[in-house]
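Below are the chains, spelled out letter by letter.
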Amino acid sequence: MKADLNKFPELNKTKFENRGKELRLGIPVINSVVIGNSIAVGFGDGTIRIFKAGQSSEPIKAHNGIVLCISKDGDDIITGGDDGRFLRISLNGEISEIANFGSRWVDHVTANNGSLVCTSGNNVYLWMAGRKEPRIFEHESTIGGVAFDSKGRRLAVSRYGGVTLWKKDYSNKWKSSNLLWKGSHNKVIFSPDDRYLVTSMQENQLHFWRLKDKTDSTMSGYGAKVKSFAFVHDTKFLVTSGSYDAVCWPFDGIGPEGRQPICLPFVGNKLVTFVEPFPNENAIFTGLSDGSVFLSEIEKSSNTIIIRSFTESEVTTISVTEDGSSILIGDMAGNILWTSIWDEENK
Amino acid sequence: MDSNKQVPVTVLTGFLGAGKTTLLNRILTEQHGKKYAVIVNEFGEQGIDNDLVVDADEEVFEMNNGCICCTVRGDLIRILSGLMKRADKLDAIIVETTGLADPAPVAQTFFVDQDVADRTKLDAIVTVADAVHLSSQLTDHHEAEEQIAFADVVLLNKIDLVDESGLEAVKERIRKINPFAKIINTTKCGVSLNEILNLDAFSLKRVLEVEPDFLESDHDHEHDDDVTSLSFVSDTPLDMEKFQDWFSKLLQTKGQDILRTKGILDFTGESDRYVFQGVHMLMDASPMGKWPEGKVRSSRLVFIGRNLENMNLKEGFENCKSA
């Protein structure tokens, strides 16, 4: 006779944990990036691991200290580290060094449409397709984040005092304009339709600009810094961490001004530390400070499914493969769950 | 937050040429079996090379609420948050500031930024001072005064280059600004590292332990810009409501001139000792257990700052005594 573990959910693993692969690495998970149906993860010991369906993932030593940032350029992984190196890593694990800044950290990396970008201190280094030498864009303060628009024609650089928006004209010259708002701006993203630019701030708030007319506004009311945010379902919602709920701001139609966000609650009063959209769905995965992860529809009375039970370490990354079939979850203590989302019979 | 999990951060200040680099090189090269990261500034002295040395630009950020006390060091937030993601845990972090830096935004960063406060703690501010030149630096540069005012430890370096009376004079000058700082005499920064690292100087427990080295000071000085200290003692219990009212108004209106405060307070009707310490307008305060048996209950309050004599501190404090 079996004990009824369902009466004690805290002792029970979720079906996702039971059928997936769990690693207890003890190394902080920094972030991850999706390349097709593979997911690359950067760690606090300078290694990365590449997760592919049905394969084991071996650590690849990339940086000497920490993988500070990870992104992709086509089918390649790009990373920056506290060893001052900006690296390209193929899905087969071959590493090539793009640039080396010595004792200065490479804080942010991104790429789009053949253009490759990293930042170190106050400078953006931009390699245009086929060029060996980067262009250098200098800024007055340390860069908090960088993002290309969908076509790779505009590059947003967040910093102290606002965002510098670099725009490429048709003769491939880059010109800058400023979007100003007092305070220090960190992560920056464009909305998928390129209509909005959103930053998170040193204060517990977000700021956004509507690029058409440069009107701007603040989204506040958070209990902590907003470190994770993303647009869902094209540009229907902006989902955000930093509160005890997953706060989802409506960005369709007239935008968020004067409208209330939808707040998705979770049991236990834990801070939301990571949010990740479910590709092509009006739904998100939410990671909490105790390591638990939930899947919710963005509705006023939402259905919520628990994906991972708690690990007592804050969720630092969630990635879903492009086909929406598998999910990877990582936390500060180095626990990883890599599992299929659908039951075998529902595939 | 479990304080054992917080990595201690030592802030190393001091004028150019005082000997900060000598000390940093010792910290990095001595065989101590510990893992220390050192955050240096770009414009500092050269000659430090190590895997765990991080270059930083000193960036002072104002928060968008415009509050002076929320001025923080943006570069520190970025680098400390990064270092906390390392797989191998650090035993301590040392932050070097440039000779002209104001220590307040560094200290305030540990109060204001929640991520920094969760994973690290301000251990102590250590100021390296040149025994030969400190007096003239204190006269010419307000930054030198601030660095002494904020210090938990003053490493008085190059004492071999001054005579005994010169040394006493410079020590008296330090004590007049900051009676709390422990003064350590050195030549070539020859000090045992456990005298400057892991001091836990910002914990309230330490406020109870450190007896200030008060001077019988007549509070006369050359000009109003001088940083000085004033202290008050009372054996009459204080009225909590009156004290809170006076003290919060004082910090709100004069917080920019008040650099550091520390105190142990005896409130009427309370069996616990109340301990606090602050940097400008930011305050850490808590009851810290019962008064020791057989010891006289008394309130002690110390201010380090500018223009203290124009704040009616004595009168304000007297008015807080229970009738």
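Just so it is clear, the model here is predicted, and its values are computed rather than measured.

### Looking at the overall build of chain A
Reasoning step 1: For chain A, the helix and strand inventory stands at 1 helix and 30 strands.
Reasoning step 2: Against the compact-globule benchmark of 20 Å for 347 residues, chain A has a radius of gyration of 20 Å, which places it among compact chains.
Reasoning step 3: Along the three orthogonal principal directions, the C-alpha set of chain A runs to about 75 × 50 × 35 Å.
Reasoning step 4: Scored against the burial criterion, the 347 residues of chain A give a buried share of 48%.
Reasoning step 5: Taking the intrachain contacts of chain A between residues at least 6 apart in sequence as the baseline, contacts between residues at least 24 apart amount to 40%.

### Observations regarding the overall build of chain B
Reasoning step 1: Across its full length, chain B holds 10 helices and 14 strands.
Reasoning step 2: Here the C-alpha radius of gyration of chain B, 20 Å, is about what a compact globule of 323 residues would show, namely 20 Å.
Reasoning step 3: On the principal axes, the C-alpha backbone points of chain B span a range of 60 × 50 × 45 Å.
Reasoning step 4: Among the 323 residues that make up chain B, the fraction classed as buried is 43%.

### Quick look at the domain arrangement of chain B
Much of the literature gives interface size as the accessible area that the parts lose upon coming together.
Residue and element names in this part refer to chain B.
Reasoning step 1: In terms of domains, chain B is made up of domain 1 (3-202) and domain 2 (213-319).
Reasoning step 2: One C-alpha centre belongs to domain 1, the other to domain 2, and the line joining them spans 25 Å.
Reasoning step 3: On the side of domain 2, 20 residues touch domain 1, which itself brings 19 residues to the contact.
Reasoning step 4: For the side of domain 1 that touches domain 2, the secondary-structure elements that each account for two or more residues are α3 (103-112), α6 (142-150) and α7 (164-177).
Reasoning step 5: For the side of domain 1 that touches domain 2, the leading source of residues is α6, giving 5 residues.
Reasoning step 6: Per-class residue counts for the side of domain 1 that touches domain 2 are 11 nonpolar, 3 polar and 5 charged.

### Some remarks on the nonpolar core
Reasoning step 1: One finds I48, V117, V146, A156, L197 and V239 of chain A to be the most contacted residues of the largest nonpolar core, which totals 93 residues.
Reasoning step 2: When residues of this core are assigned to their parent elements, the largest contribution, 6 residues, is made by strand β15 (residues 154-168) of chain A.
Reasoning step 3: Once residues within four sequence positions are removed from consideration, V117 of chain A is found in contact with V109, T110, A111, V124, Y125, L126, V146 and L155 of chain A.
Reasoning step 4: In terms of nonpolar packing, the next biggest core, distinct from the first, is built from 86 residues, V40, C70, I79 and L238 of chain B among them.

### Some details on the interface of chain B and chain A
Reasoning step 1: Counting residues at the interface gives 18 residues for chain B and 25 residues for chain A.
Reasoning step 2: Of all the secondary structure elements, the ones that give two or more residues to the side of chain B that touches chain A are β3 (53-56), α2 (74-83) and α4 (114-119) of chain B.
Reasoning step 3: Considered class by class, the residues forming the side of chain B that touches chain A number 5 nonpolar, 4 polar and 9 charged.

### Some details on the pairing of strand β3 (residues 38-43) of chain A
As a general feature of sheets, a regular strand has side chains that alternate between the two faces.
All names here are of chain A.
Reasoning step 1: Most of β3 sits out of view: 6 of its 6 residues are buried.
Reasoning step 2: Connecting strand β2 (residues 29-35) to the antiparallel partner β3 that follows it, the hairpin turn spans 2 residues, and G36 within it adopts a positive phi of roughly 60 degrees.
Reasoning step 3: Pairing of β3 with strand β4 (residues 47-51), which is carried by 4 bridges, proceeds in the antiparallel orientation. Counted as the bridge partner of G42 is I48 from β4.
Reasoning step 4: Here β3 folds back onto β4, and the loop between the two strands holds 3 residues, one of which, G46, carries a positive phi near 85 degrees.

### Here we look at the sheet that holds strand β29 (residues 326-331) of chain A
Residues and elements named next belong to chain A.
Reasoning step 1: As summarised here, the arrangement of the 4 strands in space is β1-β30-β29-β28, forming an open sheet in which the pairing is antiparallel. Each edge of the open sheet is held by one strand with a lone partner, namely β1 (21-24) and β28 (315-320). Strand-to-strand, the axes of this sheet are offset by a mean angle of 10 degrees, without reference to chain direction.

### Section: the sheet that holds strand β13 (residues 135-138) of chain A
Residues and elements named next belong to chain A.
Reasoning step 1: Across the sheet, which stays open at both edges, the 4 strands sit in the order β10-β11-β12-β13 with antiparallel pairing between neighbours. At either margin of the open sheet sits one strand with a lone partner, and together these are β10 (108-112) and β13. Going across the sheet, the axis of each strand differs from the next one's by a mean of 20 degrees, ignoring polarity.
Reasoning step 2: Where strand β12 (residues 123-127) meets β13, 4 bridges bridge the pair, whose relative direction is antiparallel. What sits directly across from V124, in β13, is F137.

### Considerations on the pairing of strand β19 (residues 215-219) of chain A
Residue and element names in this part refer to chain A.
Reasoning step 1: Two elements, strand β18 (residues 206-210) and β19, share 5 bridges in a ladder whose sense is antiparallel. Of the residues in β19, the one forming a bridge with L206 is M219.
Reasoning step 2: Counted along the chain from β18 to the antiparallel partner β19, the turn is 4 residues long, and its residue K214 has a positive phi close to 55 degrees.

### Quick look at the confidence of the model for chain B
All names here are of chain B.
Reasoning step 1: Averaged over every residue, the pLDDT of chain B is 87; the share at 70 or more is 90%.
Reasoning step 2: Segment residues 215-223: pLDDT under 50, and 9 contacts once partners within four positions in sequence are set aside and those in other chains are kept.
Reasoning step 3: In the predicted assembly, ipTM is 0.89 and pTM is 0.89.

### Re α3 of chain B
Reasoning step 1: Counted residue by residue, α3 of chain B has 10 buried out of 10 residues, so it is predominantly covered.
Reasoning step 2: Listed as buried for α3 of chain B are P103, A104, P105, V106, A107, Q108, T109, F110, F111 and V112 of chain B.

### Description of unusual backbone geometry
All names here are of chain A.
Reasoning step 1: Notably, N113 is not glycine yet its phi reads approximately 55 degrees, a positive angle.
Reasoning step 2: Note that N113 resides in the loop between β10 and β11 (115-120).
Reasoning step 3: At E312, a position not held by glycine, the phi torsion is positive, near 70 degrees.
Reasoning step 4: Along the chain, E312 falls in the loop between β27 (304-308) and β28.

### Here's the deal with the environment of V227 of chain B
Residues and elements named next belong to chain B.
Reasoning step 1: Relative to the helices and strands, V227 is located in strand β10 (residues 227-234).
Reasoning step 2: Here V227 falls in the buried class, since 25 other C-beta atoms lie within 10 Å of it.
Reasoning step 3: When the C-alpha atoms of V227 and M288 are compared, they prove to be 30 Å apart, with 61 residues separating the residues in sequence.
Reasoning step 4: Other than its neighbours up to four places away in sequence, V227 contacts E145, E146, A149, I177, L259, I304, G305 and R306.

Thresholds applied
- Residues numbered from 1 in each chain as written.
- Chains lettered and ligands numbered in written order.
- Predicted model: local features only at pLDDT ≥ 70, side-chain atom pairs only at ≥ 80, totals over all residues.
- Helix = DSSP H or I, 4+ residues; strand = E, 2+ residues; numbered from the N terminus.
- Rg over C-alpha atoms; globule rule 2.2 N^0.38 Å.
- Buried ≥ 20, exposed ≤ 12 C-beta atoms within 10 Å, placed from the backbone.
- Contact = placed C-beta atoms within 7 Å.
- Domains from an automatic or database assignment.
- Nonpolar A, V, L, I, M, F, W, Y, C, P; charged D, E, K, R; others polar.
- Core = buried A, V, L, I, M, F, W, Y, C linked by C-beta atoms within 7 Å.
- Pairing = 2+ DSSP bridges.
- Axes fitted to C-alpha atoms, helices over the stretch in contact; angles between N-to-C directions.
- pLDDT = per-residue confidence, 0-100.

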